[in-house]
Amino acid sequence: MNILEINHMKKAFHGLEVLKDISLTVKEGEVVSIIGPSGSGKSTLLRCATMLEKMDGGDLIYMGEYAAKDEGGKSVYAEKPELKKFHHYFGLVFQNFQLFPHYSVLKNITDAPVSVDKISKKEAYERADRLLKQLGLSDKRDAYPYQLSGGQQQRVSIARALALQPKILFFDEPTSALDPILTSEVLKVIKELAEQKMTMIIVTHEMEFAKELSDRIIFMEEGIIQEQGTPEEIFASENPRIRDFIGKFKS
Amino acid sequence: MDFATILQQLGSGMLKTVGIFLWTLVLSLPLGLLISFGRMSKNRLVAVIFKFYISIMRGTPLMLQLLVVYFGPYYLFGINISGSYRFVAIIIGFVLNYAAYFAEIYRSGIESMPIGQYEAAKILGYSRTQTFIKIILPQVIKRILPSVTNEVITLVKDTSLAFSLAYMEMFTIAKQIAAAQTTMMPFVVAAVFYYIFNLLVAVVMERIEKSLDYYK
């Protein structure tokens, strides 16, 4: 089953075309990494897919349902109450975590399930405790974000996203703000999620990680998908731009 | 007139001073938030109107504003002013003025919030109202508390401006006694009163700041 389908996504900022024509399908359980140079439109793609930005043209389809449908070259979004439903389908992990500093770890994880999804406090707490255990954060339950390392904060933000039980989880350069040691602890968590068949799209500069974990890698440049394929295909690509890009990260 | 009598007379004025202070705070803090919303409105016309309002309130003396509020109804519309309007006029004048200052303080706090906090809340499905009340406002309050403390301390001292409408708050009484008895004593008492009042304000505000120290 296709969790996410994007057809001919276009987005421009002040006349500057950031996404030119992006089409992309993600199946249940698939892990897709998006790589590419800065300014290639990777983050904008995630922001459009998670509806933080409105795309100009194209379809956005979750679970077979249209969040936005292209009509005559323009994206027409579903009505507001209808759109709310789509927030249940995806989660997003930010580069700089964006935890709520005035909430404890536990409250960060339980507040949205309780006050948005209206599940019982008891169940939200049980979910949170399971997630904290899974992510190795049980002893941080009552801590506040400022008391945590960057790696711990990012794991909490992953737990916060998972607590809403999304069908697909997006990561926007989840380790860019972290040093190598903290990076590895976050990557380990993402790897475990991949083993549990969580559907994920990961924008990353961690080439080795993308290679090891992804079912598919997408190379983006200048607002289009230049090439996509299995890690083996991408890393063996003859495309000079890809070779050049990957080569820069290896050195 | 002995010291005890002076104190007794000033005492009734002190209650009125505290009354002006409390009424102004209770009304201008929420009104200031509403004005800051107007000031930040995406509707250009609304934003400009509120900006003008704030500019007038901050650009003219509070004493003049009090006189306008009090005498305006008569001079402008020929409405007879009753004695009971005096206190109402004072509160209206203070609230309108202080709300403008608070509005700018709220605005500075709200605009300093990282956009990522709004985005994180949106992704998690919070409504706009929930986002503001649960995520944004608590953090804004922590950020603006030092500026609010400054305003509140100024308010304590500004209450003395009510003398311009001959309202019998403490400072008005102090002036009358001083003039009638040719003594400095009422002014000394007044000074001590304002100082202690502000000491209390500082202690209370510090407590509130401390209570928000649990996060950074």
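These figures come from a predicted structure and were not determined experimentally. As a convention, each chain's residues are numbered from 1 in the sequence order in which they are written. Following the order in which they are written, the chains are lettered starting with A and the ligands numbered starting with 1. Side-chain atom pairs in this predicted model are given and counted only at pLDDT of 80 or more, local residue features only at pLDDT of at least 70, and totals for whole chains, interfaces and linings cover all residues. Neither water nor hydrogens contribute to the side-chain values; these are computed over all heavy atoms in the structure.

Enquirer: How would you summarise the packing of helix α2 (residues 44–59) of chain B against helix α4 (residues 85–111) of chain B if you had to cite specific residues and measurements?
Expert: When two helices pack together, their arrangement is captured by the angle between the axes and the distance separating the axes. Residue and element names in this part refer to chain B. Interaxial angles span 0 to 180 degrees and are taken between N-to-C directions of axes, which are lines fitted to C-alpha atoms, for helices over the stretch in contact. Think of it this way: any DSSP run of H or I at least four residues long counts as a helix, any run of E at least two long counts as a strand, and we number them from the N terminus. Between α2 and α4, whose axes approach to 9 Å, the crossing angle comes to 115°. Crossing of α2 against α4: the hand is left-handed. When α2 is examined against α4, the residues Tyr53, Ile54, Met57 and Arg58 are found in contact with a partner set consisting of Leu96, Asn97, Ala100, Tyr101, Ala103 and Glu104. Across the contact of α2 with α4, the residue classes break down as seven nonpolar, one polar and two charged. Working rule for handedness: look at the near helix, and if it is turned counterclockwise from the far one by less than a right angle, call the crossing left-handed; if clockwise, right-handed. It only takes one pair of heavy atoms within 4.5 Å for two residues to be counted as in contact. Under this grouping Gly is polar, as are all residues other than the nonpolar Ala, Val, Leu, Ile, Met, Phe, Trp, Tyr, Cys and Pro and the charged Asp, Glu, Lys and Arg.

Enquirer: Lay out the sheet that holds strand β9 (residues 199–203) of chain A with the relevant residues and their values.
Expert: One key point about sheets: their strands pair by backbone hydrogen bonds, in either a parallel or an antiparallel sense. All names here are of chain A. The mixed open sheet is built from six strands, whose spatial order is β7-β8-β9-β3-β10-β11. A strand with exactly one partner marks an edge of an open sheet, and here the two such strands are β7 (90–93) and β11 (224–229). Geometrically, the sheet is characterised by an average inter-axis angle of 20° between neighbouring strands, direction not taken into account. In this sheet, strand β10 (residues 216–221) lies alongside strand β3 (residues 31–35) in parallel orientation, the contact comprising four bridges. Following the sheet pairing, isoleucine 35 is matched in β10 by phenylalanine 219. Here, any two strands with at least 2 DSSP bridges between them count as paired.

Enquirer: Would you mind going over the pattern of salt bridges in detail, with residue names and values included?
Expert: A carboxyl oxygen of Asp or Glu within 4 Å of a side-chain nitrogen of Lys or Arg is what we treat as a salt bridge. Overall, the coordinates contain 20 salt bridges over all chains when judged by the stated rule. Among the ionic pairs, Arg241(A) bridges to Glu221(A), the shortest N-O distance being 2.6 Å. One end of the pair, Arg241(A), is in helix α9 (residues 240–250); the other, Glu221(A), is in strand β10, with 20 residues separating them in the sequence. Connected through shared salt-bridge partners, Arg58(B), Glu104(B), Arg107(B) and Glu111(B) make up one network.

Enquirer: Describe the pairing of strand β6 (residues 74–77) of chain A, naming the residues involved and giving the relevant values.
Expert: All names here are of chain A. Side chains Ser75 and Tyr77 of β6 all project onto a buried face; the interleaved residues Lys74 and Val76 project onto a face where none is buried. Judged from the four bridges that link them, strand β5 (residues 65–71) and β6 form a sheet pairing that is antiparallel. By the bridge assignment for β6, alanine 68 is matched with tyrosine 77. What sits between the antiparallel neighbours β5 and β6 is a turn of two residues, in which glycine 72 has the positive phi angle 60°. Relative accessibility thresholds used throughout: buried, under 20% of the residue-type maximum; exposed, over 50%; partly exposed, between the two (1.4 Å probe, protein chains only).

Enquirer: I'd love a proper account of the packing of aromatic side chains, names of residues and values included.
Expert: Working definition: rings of Phe, Tyr and Trp (its six-membered ring) pair if their centres are within 6.5 Å, and the pair is stacked with planes under 30 degrees apart, edge-to-face with planes over 60 apart, and tilted otherwise. Summed over the entire model, instances satisfying the criterion amount to 23 aromatic pairs over all chains. Judged by centre distance (6.1 Å) and plane angle (80°), the rings of Phe100(A) and Tyr126(B) are edge-to-face. Taken as a pair, Phe100(A) in the loop between β7 and α3 (105–115) and Tyr126(B) in the loop between α5 (115–124) and α6 (128–158) lie in two separate chains rather than in one. Residue Tyr126(B) is classed as buried on the basis of its relative accessible area, which comes to 6%. A ring pair is formed by Phe71(B) and Tyr75(B), whose centres lie 6.0 Å apart and whose planes are at 35°; its orientation type is tilted. Residue Phe71(B) and its partner Tyr75(B) are located together in helix α3 (residues 62–77), separated by four residues, close to a single helical turn. The exposure class of Phe71(B) is partly exposed, given its relative accessible area of 31%.

Keep in mind these numbers describe shape, not what the thing actually does.
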